[in-house]
Amino acid sequence: MFAGLDEIDWAGMSHAYGPATEVPELLRGLVSADPATREIALDGMYGAVHHQGDVYACTIACVPYLFEVVTRAGGAGRGPVVSLLASIGGAEVDDPDELVRSAEAGRDEEDDDDVESWAENYRRAEAVVAAGLPVFLDLLTDPDPAVRRAVPEALLVCRAEAPRVLDTLRRRLPAEPDAEARTALVEAVGSLVRRAAAGHLPSVPESSLRAATTWLLELVGDTSVAPALRLTALTSVSAGARTMLPADLVPRALTLLDGAYQEPASAPEPAGFTTDTLIGAVRALHEQADAGRRGARLGPAVGSLSRALGDRVDDRIRLVSTLLDGSDRERRLDALPAAGQLVDGWRGDYRELVGLIGRQLTDPHPSLPRAAARTLVHLGELNRPAADALAEAVAGAAREEPHNSAAGLPAWVMVWPSHGPTVGGTLVALARLGDARALPPLRWALERDEPPKDAGAALSGLGPAAVELLPLVRRQLRRLSPTDRDFQERRGGLARAVGSLGPAGVPALPELLPLATDGWVIRQLGRLGPAARDAVPVLRPLLDAPQRGPALAAAAALHRITGDPAPLLPVLGRFLDGDQFDASDAAQEIAEIGPAAAEWLPRLRALLGRPDPHGWLHLRAAGAVWRVAGDAETVLPVLSRVWERNVHARRAVATLWAEIGTPAAAALPLLRAEQERARRHTARDNGWSSAQVGEDEELLRLMAAAVTALAPAES
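Since the structure is predicted, the reported quantities are computational estimates derived from the model, not experimental observations.

Asker: Give a description of the environment of Arg-318 that names residues and reports values.
Answerer: Along the chain, Arg-318 falls in helix H16 (residues 313-324). Separated by 244 residues in the primary sequence, Arg-318 and Gly-74 have C-alpha atoms spaced 46 Å apart. For Arg-318, the residues in contact, after removing those within four places along its chain, are Val-250 and Pro-251.

Here it is as structure tokens:
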């Protein structure tokens, strides 16, 4: 086995962390008799050789040996290796051309493996894995059910043979005895239908697409088939052929879910070993989640169905709300991740749904409160219907606990081994609502010898209501040392807490001024307003700082404190001639000064002609031109271009349109088109940000104000 493995120049190839010298050891580990060794080897393959989906020359060189592993008759652990081959071949990618375009855009140079380009690596990987079609077809009848569960996904790599794969998968279903393998077969058919309907599989003729879709619909209605499998078929139709969906989709889905939950199910046997790997940690979490369950684990099915419904937000809300409003705790637990994904990615009226999520916080089930807290922590103002539940949960929680605690309410403070403690999720969510019931636990947190590194950031959500904790904030500022772990985060958070108090934060000037070397801290001094006049002697010398951060932050703070722009204008002019970042930040500060900065108008207009691939420089220069000169004619075309080019700039653009008012009426179609979108404006299928809900809700408010300002007669 593995003939020629040691003759390959692995040291001459690289993976994510350097020379690929350990690849032979990893490959041999995949066939070890010890399951822990196999898991460590598999983790190494995903962690370095196929790091985050990347494909290197060494990844491609592994493929023949991975096929040797999966064709080793009776060998243990082959199913996960089939899944690894599927991932290397890009089975999860709907449009490989888009993947190639992304790879080409993200890489400026050839990789270290001497391959023409990263895009070429992806193409080669798909080709060498797809060449294993005969192997995968044979493995559909392998005695090992774990192998048969993995093969349907691997067959998705064989795009040129998609019609044959569709036919083979459908014919295999009646003979497949394993429930999970049956589900995998139907899911693979659904993926092919979705891709073909979207035009990503030109090899699939219209007749094959219709036949496969009809087959899925017949499966949905076949009462002799297990409800869970019928639900999988319904999900597949929802994702690939929405025009053929039944009118009673949600009631039918709920009926199928009800039947699936009542089917007998047993939790998988724990592996019985541990490894210090990411794969091992994920496996342990699944084992922990499955322990003690009475019914099937249908959370993935609920999530898949919800995602398949796409922009049918009301239907998705009905689906997860019905599950969350029931008495079955397992159904509620399975619905929470789907509810979180829905709110994170899509716009809708979530008042009732958020209230239902909040109710789970006080359930005695050990896992429900923790799962509900994870769902709520980043929702900001949307958590208002759950405010009382959050407050009750905070009041009933422990004061501190290890970061890896998996059950019960999150404590006020989470303790980590590698960095300072942090504020628990429910307390963060309550504080972001500005709810005074967050004050007592935050007081306790600030009184600790080592307070949470984000305590100041959490406190800032309460605004002036947190003034009673200012003495504790001052004490922590005095105790700060540059040698402290998490020093910068602590300093920034505590300064933000002071700034959020406005003039009431002025007593903290003696503690804050010695730390005013960082632009973020300096700007917080400006938030204190004219009452912070004692900061002026410290801030004025910073105007001469050569670095953009301190100098422009000092200018912004001094303007807020003194209201006198004259000493600041030369500083701003100095940075207008700098690079894109210098000029952009200087223009932003000039916009705050307004007409008093008229001497810089010619240079601001010149900035609008500089190259600006992402639009930030043009946006800030246009904002300055508007606020200095009121020149809507120059500014409006720039704002429209930036709106189209950079979704992350839309909040700032909407703010300027509202300021300009009726002269910006031509922007109404852009605003209304965005308002009508169901998707949150920065949401992506392949990424996530903890800020995307709050930013999108802010954009919705700003757009409503802009529409009112641009078309007052319609309001």
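Asker: Please set out the environment of Leu-604 residue by residue, giving values where relevant.
Answerer: Relative to the helices and strands, Leu-604 resides in helix H32 (residues 601-607). Looking at Leu-604, the relative accessible area reads 0%, which means it is buried. Apart from the residues lying within four places of it in its own chain, the contact partners of Leu-604 are Leu-576, Ala-587, Ile-590, Ala-621, Ala-624 and Val-625.

Asker: Describe a positive patch on the surface, listing the residues and the values that go with them.
Answerer: A cluster of basic residues, Arg-432, Arg-496, Arg-527 and Arg-560, forms a positive patch on the protein surface. The topology assignment puts Arg-496 in helix H25 (residues 487-500). Take Arg-496: its relative accessible area is 35%, and that puts it in the partly exposed class.

Asker: Tell me what's going on with helix H6 (residues 118-130), and back it up with residues and numbers.
Answerer: An α-helix turns once per 3.6 residues; consequently, residues spaced three or four apart project the same way. Here H6 contains 13 residues, and its C-alpha end-to-end distance of 18 Å stays within 8% of the 18 Å for a straight helix at 1.5 Å per residue. Listed as buried for H6 are Trp-118, Ala-119, Asn-121, Tyr-122, Ala-125, Glu-126 and Val-129. Viewed end-on, H6 has its buried residues packed into an arc of 160 degrees, placing them on one side of the element.

Asker: Now, about the nonpolar core: what can you tell me, with residues and values included?
Answerer: Membership of the largest hydrophobic core comes to 235 residues, with the highest contact counts inside it found for Leu-27, Leu-66, Phe-136, Tyr-350, Leu-459 and Trp-657. A total of 11 residues in this core trace back to one element, the largest contributor, which is helix H3 (residues 57-70). Dropping the residues within four chain positions of it, Leu-27 is found in contact with Phe-2, Leu-5, Met-45, Cys-62, Tyr-65 and Leu-66.

Asker: Please set out the sheet that holds strand E5 (residues 422-423) residue by residue, giving values where relevant.
Answerer: What the three strands build is an open sheet, ordered E3-E4-E5; its pairing is mixed. Strand pairing shows two members of the sheet lacking a second neighbour, strand E3 (400-402) and E5, which therefore form its edges. Note that E3 and strand E4 (residues 413-415) share three bridges and pair parallel. Of the residues in E4, the one forming a bridge with Glu-400 is Val-413.

Asker: Give me the lowdown on the packing of helix H30 (residues 569-576) against helix H31 (residues 580-593), citing residues and values where you can.
Answerer: It is the contact of H30 with H31, at a shortest axis distance of 7 Å, that shows an interaxial angle of 150 degrees. Handedness of the crossing formed by H30 with H31: left-handed. Contact with H30, carried on its side by Leu-569, Leu-572, Phe-575 and Leu-576, involves Asp-582, Ala-583, Ala-586, Ala-587, Glu-589, Ile-590 and Ile-593 of H31 and no other residues of that element. Looking at the contact of H30 with H31 residue by residue, the classes come out as nine nonpolar, no polar and two charged.

Asker: Can you explain the packing of H25 against helix H27 (residues 519-526)? Please cite residues and give values.
Answerer: Two packed helices can be described by the angle between their axes and the distance between those axes. As a packed pair, H25 and H27 sit with axes 8 Å apart at the nearest point and diverge in direction by 10 degrees. The orientation of H25 relative to H27 falls into the category roughly parallel. Across from Arg-491, Gly-492, Ala-495, Arg-496 and Gly-499 in H25, the residues of H27 making contact are Trp-520, Val-521 and Gln-524. For the contact of H25 with H27, a count of residues per class yields three nonpolar, three polar and two charged.

The rules behind these values
- Residues numbered from 1 in each chain as written.
- Predicted model: local features only at pLDDT ≥ 70, side-chain atom pairs only at ≥ 80, totals over all residues.
- Heavy atoms only, no water.
- Helix = DSSP H or I, 4+ residues; strand = E, 2+ residues; numbered from the N terminus.
- Contact = heavy atoms within 4.5 Å.
- Buried < 20%, exposed > 50% of the residue type's maximum accessible area, 1.4 Å probe, protein only.
- Patch = residues over 30% accessible without salt bridge, like charges linked within 9 Å, V, L, I, M, F, W, Y side chains within 5 Å.
- Areas by Shrake-Rupley, 256 points an atom, 1.4 Å probe, with all protein chains shown as cover.
- Salt bridge = Lys/Arg side-chain N within 4 Å of Asp/Glu carboxyl O.
- Lys, Arg positive; Asp, Glu negative; His and termini not counted.
- Charge placed at Lys NZ, Arg CZ, Asp CG, Glu CD.
- Expected span 1.5 Å × (residues − 1).
- Arc of directions from axis to C-beta.
- Core = buried A, V, L, I, M, F, W, Y, C linked by side-chain atoms within 4.5 Å.
- Pairing = 2+ DSSP bridges.
- Axes fitted to C-alpha atoms, helices over the stretch in contact; angles between N-to-C directions.
- Left-handed = near helix turned anticlockwise from the far one by under 90°.
- Nonpolar A, V, L, I, M, F, W, Y, C, P; charged D, E, K, R; others polar.
- Parallel < 35°, antiparallel > 145°, perpendicular 65-115°, else oblique.

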